Amino acid sequence: MSLELTRVSVTPAGAAAPLFAPLTLSVPAGEIVTVMGPSGVGKSTLLDVIGGHLAHGFTASGAVTLNGRDMMRLPAEARRIGILFQDALMFPHLTVGDNLAFGLAQRVRGRAARRAAVDAALAQAGLAGFAGRDPATLSGGQRARAALMRALLAEPLALLLDEPFSKLDTALRGDIRHFVFDHIRARGIPALMVTHDAGDAEAAGGPVVAL
């Protein structure tokens, strides 16, 4: 199982040149590959290409395959690629448990099975008993852990990390990095992280590519 990029580049409408040089890389199962570069170079736009969320006004070229399957021909919802953002976004009108249930894979059917899956995920995140909580009552670290478990409950085949630790306090960052990376390795999911923080890349332990 692997995520493969072959000569991927993105060009804004009307621009004479792409945002970055064509990028080729391979992300094996259970490994975190880091793409580093300054703000504005196109790191998040690269993830948009992979996830199928590229905004109008941009044109992508090259190939993205996941387990040998061409992703560029599929809509975002069919790609089974999860993403963690800088902000651990949660629906404010839903409880913590309902937020996680929103991400559950379709194969998990029935109220009891869905509740059990959510409760198990919360327990893994150190959030046992938090299902009925308002997301606004969670700390930054708790929100980050809940967001990861929601992404994993969808059973993604790959995971994209868009500066997921940049908004966390320095004291929390190391613990959340380990929590996220340990779960990725345990699940055997290929993960691509974009960041400008060398500490993120060092903690990930995988190859680092400059954009």
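Just above, that's the structure.
What counts and how
All residue numbers here refer to positions counted from 1 along the written sequence of the relevant chain. Where local features are concerned, this predicted model is filtered to residues with pLDDT of at least 70; where side-chain atom pairs are given and counted, the filter is 80 or more; whole-chain, interface and lining totals use all residues. To obtain the side-chain values, all non-hydrogen atoms of the structure were used and water was disregarded. Put simply, DSSP marks the helices as runs of H or I at least four residues long and the strands as runs of E at least two long, and each gets a number from the N terminus on. Each pair of aromatic rings taken from Phe, Tyr and Trp, with Trp reduced to its six-membered ring, is defined by centres within 6.5 Å and is described as stacked if the planes are under 30 degrees apart, edge-to-face if over 60, and tilted in the remaining cases. Only protein chains enter the accessibility calculation, which uses a 1.4 Å probe. A residue is then buried if its area is under 20% of the maximum for its type, exposed if over 50%, and partly exposed in between. Charge assignment: positive for Lys and Arg, negative for Asp and Glu; neither His nor the chain ends contribute. The term salt bridge refers to a side-chain nitrogen of Lys or Arg lying within 4 Å of a carboxyl oxygen of Asp or Glu. Whenever two N or O atoms come within 3.5 Å, that pair is a polar contact, provided that in protein one can donate a hydrogen and the other can accept it, and provided that, for residues adjacent in sequence, both atoms are side-chain atoms. Any two residues having at least one pair of non-hydrogen atoms within 4.5 Å are treated as being in contact.

Participant: Would you take a moment to explain the environment of Gly140 for this structure?
Facilitator: Counting through the fold element by element, Gly140 comes out in helix α5 (residues 140–153). Separated by 25 residues in sequence, Gly140 and Phe165 place their C-alpha atoms 10.0 Å apart.

Participant: I tried to follow the packing of aromatic side chains on my own but got confused; where do I start?
Facilitator: Working definition: an aromatic ring pair is given by the centre-to-centre distance plus the angle between the planes. The final tally for this structure, using the stated rule, is two aromatic pairs. Arranged with centres 4.8 Å apart and planes meeting at 70°, the rings of Phe91 and Phe102 form a pair that is edge-to-face. Here the residue Phe91 occupies a position in the loop between β6 (81–84) and α3 (96–102), and Phe102 occupies one in helix α3, the gap between them amounting to eleven residues. Judged by its relative accessible area of 58%, Phe102 falls in the exposed class.

Participant: Looking at this structure, how should I read the side chain of Asp162?
Facilitator: Inspection of the secondary structure puts Asp162 in strand β7 (residues 158–162). One buried charge, Asp162, has no salt-bridge partner; the nearest side chain with opposite charge is Lys43, at 7.1 Å. Looking at Asp162, its side chain comes within polar contact range of the side chain of Ser44, at 3.0 Å. Asp162 has contacts with Ser44, Leu47, Leu84, Phe85, Gln86 and Val194, leaving out every residue within four places of it along the chain.

Participant: Is there a simple way to think about helix α1 (residues 43–51) in this case?
Facilitator: Count 3.6 residues to each turn of an α-helix, and residues three or four apart come out pointing the same way. With seven of its nine residues buried, α1 lies for the most part within the structure. Regarding α1, the residues found buried are Lys43, Thr45, Leu46, Leu47, Val49, Ile50 and Gly51. Just past α1, the residue Gly52 takes up positive phi, approximately 90°.

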